[in-house]
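The lines below spell out each chain.
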Amino acid sequence: HRGLFYTLAKNKITALGDIGCYTLGAVPPLGALDTTICMGASVSGVHGFTKALGGAADGKTVAVIGDSTFMHSGVTGLINAAYNESNATVIIVDNSITGMTGHQQNPATGKDIHNQPAPQLNIEKLVESCGVNDITIVDPFDLKATEAALKAATAPEEVSVIIARRPCALLDKTPRKPYVIDG
């Protein structure tokens, strides 16, 4: 999630989070996650934050939640935000696993707890069925696309979702050349 957090910090975005491997975005050198709330609360938090501040947070505040946490308890907050016509931006960091607690499967991975094939929940379709029309998928290592998606998602006066999709670095053994972020 490094590229995403770099982009959030660079753009001085207030990021509300909850517990998961993406919570590491709160610590140096990234320092891009401003709150760590209980599991799944970032989405409800950004909805309440934007409503309570009456426009003062618009375009400057997002929720950050992992794919597994979103499946577990974040989707209800998204339903509430869409239903109540919030101007909230939610970023789902999809690493295709439950990373923080030991790499368990979740409903979006297509495997069950025994690593056997299981029905795979499609995050994009789930988000759309919650009433969200503005959905963007990015590779967080594509910094230009990530920044463009962030600026586009925080502009409209409706709920928007960015799905930052990249496999967990601890599990993806695809050889790659080193990636450096300058700045």
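Above this note sits the structure.
Residues numbered from 1 in each chain as written. Predicted model: local features only at pLDDT ≥ 70, side-chain atom pairs only at ≥ 80, totals over all residues. Heavy atoms only, no water.

1. With respect to the pairing of strand E1 (residues 14-18)
And step 1. Here E1 lies mainly inside the structure; four of its five residues are buried.
And step 2. The pairing of E1 with strand E3 (residues 61-66) spans three bridges and is parallel. For Thr 14, the partnering residue across the bridge sits in E3 and is Thr 61.
And step 3. Bridge count between E1 and strand E2 (residues 35-37): three bridges; the pairing is parallel. If you follow Gly 17 over to E2, its bridge partner there is Thr 36. (Buried < 20%, exposed > 50% of the residue type's maximum accessible area, 1.4 Å probe, protein only. Helix = DSSP H or I, 4+ residues; strand = E, 2+ residues; numbered from the N terminus. Pairing = 2+ DSSP bridges.)

2. Observations concerning helix H3 (residues 67-83)
And step 1. With 17 residues, H3 extends just 21 Å between its outermost C-alpha atoms, more than 12% less than the 24 Å of an ideal straight helix rising 1.5 Å per residue.
And step 2. Along H3, the largest kink reaches about 70° and is centred on Ser 73.
And step 3. Those residues of H3 lying buried are Asp 67, Ser 68, Thr 69, Phe 70, Met 71, Gly 74, Val 75, Gly 77, Leu 78, Ala 81 and Ala 82.
And step 4. If you follow the buried residues of H3, they end up packed against E1, helix H2 (41-52), E3, strand E4 (89-94), helix H4 (123-129) and strand E6 (160-165).
And step 5. Among the residues trailing H3, Glu 85 stands out with phi positive, at a value near 50°. (Expected span 1.5 Å × (residues − 1). Bend = angle between axes of the 7 residues up to and from the residue. Contact = heavy atoms within 4.5 Å.)

3. Here's the deal with the packing of H2 against H3
And step 1. Interhelical geometry of H2 versus H3 gives an angle of 25° and a closest axis separation of 7 Å. On the basis of their axis angle, the class for H2 and H3 is roughly parallel. Residues Val 43, Ser 44 and His 47 of H2 touch H3, and the partners they reach there are Gly 74, Gly 77, Leu 78, Asn 80 and Ala 81.
And step 2. Partitioning the contact of H2 with H3 into residue classes produces three nonpolar, five polar and no charged. (Axes fitted to C-alpha atoms, helices over the stretch in contact; angles between N-to-C directions. Parallel < 35°, antiparallel > 145°, perpendicular 65-115°, else oblique. Nonpolar A, V, L, I, M, F, W, Y, C, P; charged D, E, K, R; others polar.)

4. Examining the sheet that holds E4
And step 1. The six strands are arranged E2-E1-E3-E4-E6-E5 in an open sheet whose pairing can be described as parallel. Single-partner strands in this sheet number two, and they are E2 and strand E5 (134-138). Strand-to-strand twist in this sheet, taken as the mean axis angle between neighbours without regard to direction, amounts to 25°.
And step 2. Pairing of E3 with E4 involves five bridges; the strand directions are parallel. Paired with Val 62 across the bridge in E4 is Thr 89.

5. Details of the environment of Ala 82
And step 1. Tracing the backbone shows Ala 82 in helix H3.
And step 2. The exposure class of Ala 82 is buried, given its relative accessible area of 17%.
And step 3. When neighbours within four sequence positions are excluded, Ala 82 is seen to be in contact with Cys 130, Gly 131, Val 132 and Val 159.

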